[in-house]
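Remarks on the overall topology
Residues per chain are reported as follows:
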Amino acid sequence: MKRRNLLKSLGLGASLGALGVLDRRGLHAAEATAAAAKGSARLKITKVRAIAMRPGGSNLIVVKVETSEPGLYGLGCATYTQRPSPVLAAVHDFLDPFSHGRDADNIEDLWQNAYTSSYWRNGPVLNNALSGLDMALWDIKGKRAGMPVHQLLGGKCRFAVDCYSHAGGRDLKDVVDSVRSKVQQGFRHIRIQMGSYGSEHLSTRADFRDAGFGLPQDKLMDSLPYLKATVKMFDHVRTEFGDDLELLHDIHERIEPRDAIRLLKELERFRPFFIEDPVAPEANDYFRQIRAATTVPIAMGELFNSPHEWVPLIKERLIDFIRVHLSQTGGFSVARKIATLAEFFNVRSAWHGPGDTSPVGHAANLHLDLVIPNFGIQEVVPFNEATQEIFPGCPTVKNGYAYVNEAPGWGVDFNETAAKKYPIDNAGRSAYWEPVRRRDGSAVRP
Ligand code: GCO
Ligand code: MG
């Protein structure tokens, strides 16, 4: 009876007959289209909320978008671990009121209008907030369609997502032990680092401290100890594990571009899978010289927020892997455009997937990885028990491959009660990169 009344109210007689599968409201496709046109079936956004938590070593932020259909909500990642509170404010003070009453189905329309609603744009805080909204709308779209997001984009190009894991240690023995444990877990791609980025522990003369320059907790990193140790580390790992293991390394913008070029040339003989962030984004124009100087595959992008950064490197084929942090670009809708652009220039994906990405963000990485032909490799980190408790259905990794939960949307849910047990450390040092200094006290990019 209900359906008949609805049909009548839509001016649709019984002429529709049996038109195929009924949707969740018992409507045929044509009826659903007509209903949507009449607006009566339009799904509206009723609330956009950001929730911050710290279940492990990083502050995480998730956005929950609630809708006019009771119980239908979506989740997005808005994690900017160093500055969580401005992202929370951007969501609560602006994106929430902006989105009320808007069609949850119209993702691109919402994204385009929210992106310019701040007028000034392409920054980390607003992009992360926007990502939370955007990803949540894709989650809702999948739930409405009864499909995982990768199916909305045309389905899989691969059965699972090949991943890399982090190995490292303070000396060659620790590094070898760490690589061995990753090989035993089935990883075929392994990032190797001697200590922290820039191998800070190998630098010795903090002359700036003796001079009372900076603060005692400011860190020391000189380039030469790092440059020498990195070449030795590759040589040693290759000797221990042979030529087939895929080795990656993150320079993390810690050295001068000229030193980076010299290091890349020295690493050529060890056949790296890729070397990441050889220079800071502010030195993007160096990539032409890097390209001319070495055949080492280059990955870049985790620090990018703007199309002005990724478009030039992709269209000139100056990098081999685009490594943006999805929520830093403004969300899934942006990342899938970056992936498509990169496909036409033979640039492959290597989305940023660190500990400071929520399982919702990791799921978004993986759904995109599954559908793009120019997939490269995916960074993953293990989720601790607290994170798994907060995010039921979070992605899993087995034998070096990552899998999404094949439920509609991202396949990840959110236990807000559990999240409350792990408040963020907003003011503490955990949200900061302590200043890093050369011997003379001059600042090093972190
Ligand atoms: C990586 C990154 C991270 C970043 C971190 C910053 O390649 O995974 O460099 O380790 O340093 O995400 O918050
Ligand atoms: Mg990195």
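The residue numbering used here restarts from 1 in each chain and proceeds along that chain's sequence as written. Each chain gets a letter, beginning with A, and each ligand a number, beginning with 1, in the order they are written. The model is predicted, so local features are restricted to residues of pLDDT at least 70 and side-chain atom pairs to those at 80 or more, both for listing and for counting; the totals for chains, interfaces and linings are taken over all residues. Values shown for side chains rest on all heavy atoms present in the structure; no hydrogens or waters enter the calculation.

Further remarks concern the overall build of the protein chain. Scanning the protein chain from terminus to terminus reveals 17 helices and 16 strands. Each residue is placed in one exposure class: buried if its accessible area under a 1.4 Å probe, protein chains only, is under 20% of its type's maximum, exposed if it is over 50%, and partly exposed if it falls in between. For the protein chain, the residues scored as buried account for 54% of the 446 residues in total. Here, residues are in contact when the closest pair of their heavy atoms is within 4.5 Å. The contacts of the protein chain with a sequence gap of at least 6 include a subset with a gap of at least 24, amounting to 69%. Just so you have it, the protein chain exposes about 19100 Å², and 54% of that area is on carbon and sulfur atoms. Under the DSSP-based scheme used, a helix requires at least four consecutive residues in state H or I and a strand at least two consecutive residues in state E, with every element numbered from the N terminus. Areas reported here follow the Shrake-Rupley algorithm with a probe of radius 1.4 Å; residue values treat only the protein chains shown as occluding.

Attention shifts here to the coordination of the magnesium ion (ligand 2). Each metal's donors comprise the N, O and S atoms found within 2.8 Å of it (within 3.2 Å for Na, K or Ca). Water is not part of the atom list, so some coordination spheres may appear incomplete. Here the magnesium ion (ligand 2) is held by Asp250 (OD), Glu276 (OE) and Glu302 (OE), and the distances to it run 2.0 to 2.1 Å. Counting gaps between the donor residues of the magnesium ion (ligand 2) yields the pattern D-x25-E-x25-E. Residue Asp250 is located in strand S7 (residues 246–250), and its partner Glu302 is located in the loop between strand S9 (298–300) and helix H12 (307–315); the two are separated by 52 residues in the primary sequence. This pair shows no difference in class: Asp250 is buried, exactly as Glu302 is.

Take the pattern of salt bridges next. A pair is scored as a salt bridge if a Lys or Arg side-chain nitrogen falls within 4 Å of a carboxyl oxygen belonging to Asp or Glu. One pass over the structure, following the stated rule, counts 28 salt bridges. Here Glu69 makes a salt bridge to Arg144, at a shortest N to O gap of 3.9 Å. Taken as a pair, Glu69 in the loop between strand S2 (60–67) and strand S3 (73–77) and Arg144 in helix H5 (residues 124–145) lie far apart in primary sequence, 75 residues in all. For Arg144, a relative accessible area of 23% puts it in the partly exposed group.

Now for the sheet that holds strand S1 (residues 45–53). Pairing between two strands requires that DSSP report at least two bridges joining them. Reading across the sheet, the three strands line up as S1-S2-S3 and stay open at both edges, with antiparallel pairing between neighbours. Two strands in the sheet have a free side with no partner beyond their single neighbour: S1 and S3. For this sheet the average axis-to-axis angle between neighbouring strands, irrespective of direction, equals 20 degrees. Of the pairings in the sheet, the one linking S2 to S3 comprises five bridges and is antiparallel in character. Bridge pairing in S3 links Val62 to Cys77. Across the sheet, helix H15 (residues 359–371) is in contact with S2 and S3; its angle to S3 comes to roughly 85 degrees. Axes here mean lines fitted to C-alpha atoms, for a helix over just the part in contact, with angles spanning 0 to 180 degrees between N-to-C directions.

Here Leu224 is to be found in helix H9 (residues 223–241). Leu224 gets classed as exposed once you look at its relative accessible area, which sits at 54%.

Around ligand 1 sit 14 residues, and of these Gln82, Tyr197, His252, Glu302 and Glu379 come closest. Residues adjacent in sequence count toward polar contacts only when both atoms are side-chain atoms; beyond that, a polar contact is any pair of N or O atoms within 3.5 Å, and within protein one must be able to donate a hydrogen and the other to accept it. Within the contact set of ligand 1, an oxygen atom lies 2.8 Å away from a side-chain nitrogen or oxygen of Gln82. One of the side-chain N or O atoms of Arg191 is found 3.3 Å from an oxygen atom in ligand 1. When the free accessible area of ligand 1 is taken as 340 Å², the share hidden by the protein chains comes to 88%. Whether a set of points on the 1 Å grid over the protein atoms alone is a cavity depends on a 1.4 Å probe fitting there but being unable to get out, while an open set qualifies as a pocket with protein on both sides within 12 Å along at least five of seven lines; lining residues are those with an atom within 4 Å of a point. To be counted as sitting in a cavity or pocket, a molecule needs more than half of its atoms within 2 Å of that site's grid points. Comparing atom positions with the cavity grids shows ligand 1 to sit within the largest pocket. Broken down by class, the residue content of the shell around ligand 1 amounts to three nonpolar, four polar and seven charged. Put simply, a residue is near a molecule or strand once any heavy atom of it comes within 4 Å of that molecule or strand. Here the nonpolar group is Ala, Val, Leu, Ile, Met, Phe, Trp, Tyr, Cys and Pro; Asp, Glu, Lys and Arg are the charged ones; every other residue, Gly included, is treated as polar.

Grid points are joined across faces, edges and corners, and a volume is the space filled by probe spheres set on the points. Counted under the stated rule, the structure contains one cavity of 30 Å³ or more. For the largest cavity, the calculated volume is near 40 Å³. Secondary structure elements with two or more residues in the lining of the largest cavity: helix H13 (326–329) and H15. In the lining of the largest cavity, the residues fall into three nonpolar, six polar and no charged.

Moving on: the packing of helix H7 (residues 172–184) against H9. Interhelical geometry of H7 versus H9 gives an angle of 50 degrees and a closest axis separation of 10 Å. By the angle between their axes, H7 is oblique relative to H9. With respect to the hand of their crossing, H7 and H9 are arranged in right-handed fashion. Residue-level contacts link Leu172, Val175, Val176, Val179, Arg180 and Val183 of H7 to Lys232, Met233, His236, Val237, Glu240 and Phe241 of H9. Its residues assigned to classes, the contact of H7 with H9 comprises eight nonpolar, one polar and three charged. For classification, angles of less than 35 degrees are called roughly parallel, those exceeding 145 degrees roughly antiparallel, those between 65 and 115 degrees roughly perpendicular, and all remaining angles oblique. Should the near helix be turned anticlockwise from the far one by less than a right angle, the crossing is left-handed, and should it be turned clockwise, the crossing is right-handed.

The residue Asn122 is located in the loop between helix H4 (107–117) and H5 in this model. Considering only alpha carbons, one finds Asn122 and Thr329, 207 residues apart in sequence, at a separation of 7.6 Å. For Asn122, the residues in contact, after removing those within four places along its chain, are Tyr115, Asn127, Asn305, Ser306, Pro307 and His308.

Our focus in this paragraph is the packing of aromatic side chains. Ring pairs are drawn from Phe, Tyr and Trp, using the six-membered ring of Trp, whenever the two centres fall within 6.5 Å, and their geometry is named by plane angle: stacked under 30 degrees, edge-to-face over 60, tilted for the rest. Under the counting rule described, the total for this entry stands at 11 aromatic pairs. For the ring pair Trp111 and Tyr115, a centre distance of 4.3 Å and an interplane angle of 25 degrees mean the geometry is stacked. Of the two residues, Trp111 and Tyr115 both sit in helix H4, four residues apart, roughly one turn of that helix. With respect to class, Trp111 is no different from Tyr115; both count as buried. With a centroid separation of 5.5 Å and an interplanar angle of 35 degrees, the aromatic rings of Phe391 and Phe414 are classed as tilted. One end of the pair, Phe391, is in the loop between helix H16 (385–390) and strand S13 (396–398); the other, Phe414, is in the loop between strand S14 (401–403) and helix H17 (416–419), and 23 residues separate them in sequence. What makes Phe391 buried here is its relative accessible area of 0%. Accessibility expressed as a relative area gives 9% for Phe414, which makes it buried. Whether a charge sits over a ring depends on NZ of Lys or CZ of Arg being within 6 Å of the ring centre and within 35 degrees of the ring normal. The positively charged end of Lys64 is found above the aromatic ring belonging to Tyr73, 4.2 Å away from the centroid. Against the face of Phe98 rests Arg102, its NZ or CZ located 4.7 Å from the ring centre.

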